[in-house]
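Chains, contacts and geometry: an overview
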Amino acid sequence: MSNILLYSGNQGKINEFQEICVDNSIQLIPANQLGITTGIEETGTTFIENAIIKARDGAKKSNMPCIADDSGLIVDYLNGQPGLYSSEYGGKNATTEARITTLLHNMKDAKGSQRSARFYCCLVYLRYELDPQPIVAEGICEGFILDKPTGENGFGYDPVFFHPQYKKSLATLQLKIKHQISHRGIAIRLMKEKLIHHHII
């Protein structure tokens, strides 16, 4: 079994990783279990750059291989916002409810297809801190922004993200189904395929 540091302090993300990676080939160890802080400044201009910054910090602090995630919600009507700043939308210390309120307020005049959006996830695996050959996996989940939140499952913007295939918000889907279609679920499964291809697991 391969032990890999999971560089995240977001319990919702940690739960998703652990629920999707349920096999004997990989053991993801959340940073907080090793007392590792995950608050490095994300200075990149893309999700991939920020994921590499985080993976490098995790590998340096743990002396272990590291997987880091950078992800967010991209709304076409808002020219890609909240994007890289999805976790800070509405203010650096804003609650989930405040972020959703800000999003819905900024989209109040958007109708129909104008409300198109997607969740994007980038995963980066580094073998060690200065690994010059990061392994990158991306996942995208297309949908639309609802007028109001519905559902109690998931986290973040899930209550206002409508999935057209299932005709429900992500927060109303069973977690098993959500993990099959979500940006993070897609990226995690692709990352596992790449780690197998590179004989890492």
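Residues numbered from 1 in each chain as written. Predicted model: local features only at pLDDT ≥ 70, side-chain atom pairs only at ≥ 80, totals over all residues. Heavy atoms only, no water.

**Notes on the layout of surface pockets**
A volume near 860 Å³ is recorded for the largest pocket. What lines the largest pocket is a set of 36 residues, and nearest its centre among them are Asn10, Lys13, Glu42, Ser71 and Ser87. Elements with a minimum of two residues in the lining of the largest pocket: helix 1 (11–20), helix 2 (47–62), strand 3 (66–75), helix 3 (96–106) and helix 5 (183–197). By residue class, the composition of the lining of the largest pocket is eight nonpolar, 15 polar and 13 charged. (1 Å grid on protein atoms, 1.4 Å probe; cavity = no way out; pocket = protein on both sides within 12 Å on 5 of 7 lines; lining within 4 Å. Points joined across faces, edges and corners; volume = space filled by probe spheres on them. Helix = DSSP H or I, 4+ residues; strand = E, 2+ residues; numbered from the N terminus. Nonpolar A, V, L, I, M, F, W, Y, C, P; charged D, E, K, R; others polar.)

**Brief notes about unusual backbone geometry**
Put simply, glutamine 81 and proline 82 share a cis peptide bond, and its omega is -5°. If you check the backbone angles, asparagine 63 has positive phi at about 55° while not being a glycine. Locating asparagine 63 in the fold gives a position in the loop between helix 2 and strand 3. For asparagine 63, a relative accessible area of 73% gives the class exposed. Unlike most non-glycine residues, asparagine 79 shows phi in positive territory, near 55°. Checked against the element boundaries, asparagine 79 lands in the loop between strand 3 and helix 3. (Buried < 20%, exposed > 50% of the residue type's maximum accessible area, 1.4 Å probe, protein only.)

**Digging into empty space enclosed by the protein**
Counted according to the given criterion, the structure contains one cavity of 30 Å³ or more. One number sums up the size of the largest cavity: a volume of about 40 Å³. Taken together, Phe17, Cys21, Ile26, Ile67, Leu123, Ile188, Met191, Lys192 and Leu195 form the lining of the largest cavity. Of the residues belonging to the lining of the largest cavity, the class tally is eight nonpolar, no polar and one charged.

**Considering the pairing of strand 4 (residues 116–126)**
Burial runs high along strand 4: 11 of the 11 residues are buried. Judged by which residues are buried, strand 4 turns out to be covered on both faces: Ser116, Arg118, Tyr120, Cys122, Val124 and Leu126 on one side and Ala117, Phe119, Cys121, Leu123 and Tyr125 on the other are all buried. Direction of pairing for strand 3 relative to strand 4: antiparallel, over a ladder of 10 bridges. Bridge pairing in strand 4 links alanine 68 to valine 124. (Pairing = 2+ DSSP bridges.)

It is worth stressing that arrangement in space is one thing and function is another; only the former is reported here.
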